[in-house]
Amino acid sequence: MRPLEDDIGFLLARTCRVMRSYLSQRLRTLGVTFEQFQVLISLSDGDNIPQNVLAERLCLDQSSM
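We now turn to the structure provided with this report. Sequence positions are assigned chain by chain, starting from 1 and proceeding in written order. Thresholds applied to this predicted model are a pLDDT of at least 70 for local features of residues and 80 or more for the giving and counting of side-chain atom pairs; totals over whole chains, interfaces and linings are not thresholded and use all residues. Think of the side-chain values as coming from all heavy atoms in the structure, minus any hydrogens and water.

1. Considerations on the overall build of the protein chain
Here comes step 1: Here a helix means four or more residues in a row that DSSP labels H or I, a strand means two or more in a row labelled E, and each is numbered from the N terminus. Scanning the protein chain for helices and strands turns up three helices and zero strands.
Here comes step 2: Element order for the protein chain, N to C, with α for helix and β for strand: α-α-α.
Here comes step 3: To get the radius of gyration, use the C-alpha atoms; to get the globule rule, take the number of residues to the power 0.38 and multiply by 2.2 Å. The globule rule puts the C-alpha radius of gyration for 65 residues at 11 Å, and the 16 Å found for the protein chain is more than 25% above it.
Here comes step 4: Each residue is placed in one exposure class: buried if its accessible area under a 1.4 Å probe, protein chains only, is under 20% of its type's maximum, exposed if it is over 50%, and partly exposed if it falls in between. Split into buried and exposed, the 65 residues of the protein chain put 15% on the buried side.
Here comes step 5: In short, Shrake-Rupley with a 1.4 Å probe defines the accessible areas, and a residue's cover is counted only from the protein chains shown. Of the accessible surface of the protein chain, which amounts to about 5500 Å², a share of 57% is contributed by carbon and sulfur atoms.
Here comes step 6: If you average the places of the 7 positive and of the 8 negative side-chain charges in the protein chain, the two averages end up 8 Å apart. By the counting rule applied here, Lys and Arg register as positive and Asp and Glu as negative, while His and the ends of each chain are not counted. Where a charge sits is defined by one atom per residue type, namely NZ (Lys), CZ (Arg), CG (Asp) or CD (Glu).

Quick look at the structure:
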């Protein structure tokens, strides 16, 4: 059996967690959460998309938007 550290899925998940943590720390200095950043990036496209579509794109519950 292979060690967990050699599994590509494990490594990708770990990389994602580390990068999200780093980004969250940087955003915190700007007073923005990671979730708010995701919304701002989505809105920066200028699509004028409705809230329910934005929530769906970000895999968020509409009431969380």
